[in-house]
Amino acid sequence: MNVLLWHVHGSWTTSFVHGKHRYLVPATPDRGPYGLGRARTYPWPDTAVEVAPDDLRTAEVDVVILQRPEELDLAADWLGRRPGRDLPAIFVEHNTPKDGAVPDSRHPMADRDDLLIAHVTAFNQLFWDTGSTRTTVVDHGVVPPAAEYTGELERLAVVINEPVRRWRVTGTDLLSRFAEIAPLDVFGMKVAGLADHLGLPADRLTSHDDLPQARMHAELGRRRAYLHLCRWTSLGLSLIEAMTIGMPVVALATTEAVMAVPAEAGALSTRVDDLLDATRRLMADPALARRAGAAGRAAAWERYGLERFLADWDRLLEEEVCASR
């Protein structure tokens, strides 16, 4: 199939475009949010091709993947065809509701008979009110990282995008407590200057801003444990990637993390003191850390393997395209 989708979330899109289809990714001269084109820090196959908006009116498109509400009108304008009416369309919901109305949050695509909403977690499906719009869940899948866990550095790894702006959402306010136990290495976008924002000395928190994925994975695997303190995010793919590398995980038991992280993979709790105690144990006992990482790795591969993810998406795309004919 020819699948039109925007490059919105790098890790998710990287997994998605590893399928058997041809993926049309809009690219604009400014590489803005609606025209990022191909990824620059993630490895994508050649079947993910950039397409200029002006060329979409004559492009062969079998299905449209929407990820932001405004893409519905944008796609209609660029294609000259209305997704959901003239072309089958699936709206991928990556996020937990953040409108302040939980648990009564109304999804912007609620009560539509022309779309299917595909949630990336069952938690999202549970918490969004989508009315009469059809919904399904396709759990995440990750491209196997090449990195292997060594845990040689007695440091904690964290992956957060925009930790200052998102603050309590990503648990940024909790980092200082863990920095008292072990130095932190924080990877992600817009992490520069985080130590200053937290009032931490440079030797307790080091920022690594927007590294290429393969390099980030290699660096993660050298750290003793992975720290996941997100209060209200869907399910970070970096958490799953860390588990597939073999890293033990210390995580808040919130949103979909309770389904992704088994207890034997490290520590999972809503009590921060319990997580601090678990971190001390992992830092002091490399053998314990390695056993926990192995358990997490097995669980992650069983649930979040790339083959399962792509097979689920193939089935969904075929169903929607066939139903529209």
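The residue count restarts for each chain, going from 1 along the sequence in the order it is written. Reporting in this predicted model follows two pLDDT cut-offs: at least 70 for local features of residues, and 80 or more for side-chain atom pairs to be given and counted; totals over whole chains, interfaces and linings ignore these cut-offs and use all residues. Neither water nor hydrogens contribute to the side-chain values; these are computed over all heavy atoms in the structure.

Considering the overall build of the protein chain
Here's step 1: The helix and strand inventory of the protein chain stands at 12 helices and 13 strands.
Here's step 2: On C-alpha atoms alone, the protein chain measures out to a radius of gyration of 20 Å, which is about the 20 Å that the 2.2 N^0.38 rule sets for 325 residues.
Here's step 3: Expressed as lengths along the three principal axes of its C-alpha atoms, the size of the protein chain is roughly 60 × 40 × 35 Å.
Here's step 4: Restricting to contacts in the protein chain with at least 6 residues of sequence separation, those with at least 24 account for 65%.
Here's step 5: Side chains of the protein chain give 36 positive and 46 negative charges; the mean places of these two sets differ by 3 Å. Secondary structure elements follow DSSP: runs of H or I no shorter than four residues count as helices, runs of E no shorter than two count as strands, and numbering proceeds from the N terminus. Each radius of gyration is computed over the set of C-alpha atoms, and the globule rule expresses the reference value as 2.2 Å times the number of residues to the power 0.38. Residue contacts are counted whenever heavy atoms from the two residues lie within 4.5 Å of one another. In this tally Asp and Glu are treated as negative and Lys and Arg as positive; neither His nor the chain ends contributes. The location of each charge is read from NZ of Lys, CZ of Arg, CG of Asp or CD of Glu.

Focus on empty space enclosed by the protein
To find leftover empty space, one rolls a probe the size of a water molecule over the atoms.
Here's step 1: As defined here, a cavity is a set of points on a 1 Å grid over the protein atoms alone where a 1.4 Å probe fits but cannot get out. A pocket is an open set with protein on both sides within 12 Å along at least five of seven lines, and residues line them when an atom is within 4 Å of a point. Grid points are joined across faces, edges and corners, and a volume is the space filled by probe spheres set on the points. All chains considered together, the criterion is met by one cavity of 30 Å³ or more.
Here's step 2: As for the largest cavity, its lining consists of V158, V159, I160, T170, Y226, L227, H228, L229 and C230.
Here's step 3: Broken down by secondary-structure element, the contributors of at least two residues to the lining of the largest cavity are β8 (153-159) and β11 (223-228).
Here's step 4: When its residues are assigned to classes, the lining of the largest cavity shows seven nonpolar, two polar and no charged. In this classification, the charged set is Asp, Glu, Lys and Arg, the nonpolar set is Ala, Val, Leu, Ile, Met, Phe, Trp, Tyr, Cys and Pro, and all remaining amino acids, among them Gly, are polar.

Some thoughts on the sheet that holds strand β10 (residues 205-209)
Here's step 1: Strand pairing is assigned whenever DSSP detects at least two bridges linking the two strands. Here six strands make up an open sheet; going across it, the order is β10-β9-β8-β11-β12-β13 and the pairing parallel. Of all the strands in the sheet, the pair left with one neighbour each is β10 and β13 (266-269). Direction aside, neighbouring strands of the sheet carry axes that sit 20 degrees apart on average.
Here's step 2: Looking at chain direction, strand β12 (residues 249-252) and β13 are connected through four bridges and run parallel. Counted as the bridge partner of V250 is A267 from β13.
Here's step 3: The sheet strands contacting helix α8 (residues 237-245) are β8, β11 and β12, and the helix crosses β11 at an angle near 150 degrees. Between N-to-C directions, angles cover 0 to 180 degrees, with each direction set by a line fitted to C-alpha atoms, over the stretch in contact for helices.

With respect to the sheet that holds strand β5 (residues 89-93)
Here's step 1: Across the sheet, which stays open at both edges, the seven strands sit in the order β3-β2-β1-β4-β5-β6-β7 with parallel pairing between neighbours. The outermost strands of the open sheet, each flanked by one partner alone, are β3 (48-51) and β7 (134-137). When the angles between neighbouring strand axes are averaged without regard to direction, this sheet yields 30 degrees.
Here's step 2: Here strand β1 (residues 2-5) pairs with strand β4 (residues 63-66) via three bridges, running parallel. The residue bridging L4 from the neighbouring strand is V64, located in β4.
Here's step 3: On the sheet, helix α2 (residues 71-79) packs against β1, β2 (22-26) and β4 and is oriented at approximately 145 degrees with respect to β4.
Here's step 4: Where helix α12 (residues 306-323) meets the sheet, it contacts β1, β4, β5, β6 (116-119) and β7, and its direction lies at approximately 145 degrees from that of β5.

Considerations on the packing of helix α10 (residues 272-284) against helix α11 (residues 286-304)
Here's step 1: Two elements in contact, α10 and α11, have axes whose closest approach is 5 Å; the angle formed by their N-to-C orientations is 110 degrees. By the angle class used here, α10 and α11 are roughly perpendicular. From α10, R281, L282 and A284 reach across to α11, where they touch P286, L288 and A289.
Here's step 2: By residue class, the composition of the contact of α10 with α11 is five nonpolar, no polar and one charged. For this classification, under 35 degrees means roughly parallel, over 145 means roughly antiparallel, 65 to 115 means roughly perpendicular, and everything else is oblique.

Overview of the pairing of β12
Look at any regular strand and the pattern is simple: side chains alternate between the two faces of the sheet.
Here's step 1: A two-sided burial pattern is seen for β12, the buried positions comprising V249 and A251 on one face and V250 and L252 on the other.
Here's step 2: Think of it like this: strands point away, you trace from the first strand over the helix to the second, and a clockwise trace means the crossover is right-handed. One crossover worth recording links β11 to the parallel β12 by way of α8, and it is right-handed. Only protein chains enter the calculation, and the probe is 1.4 Å; a residue is then buried if its accessible area is under 20% of its type maximum, exposed if over 50%, and partly exposed in between.

A closer look at α12
Here's step 1: In a regular helix each residue adds 1.5 Å, so 18 residues correspond to 26 Å; α12 covers 26 Å between its end C-alpha atoms and thus fits that length.
Here's step 2: Every buried residue belonging to α12 is among L306, F309, L310, W313, D314, L316, L317, E320 and V321, and all of these are buried. To estimate the expected span of a helix, count its residues, drop one, and scale the result by 1.5 Å.

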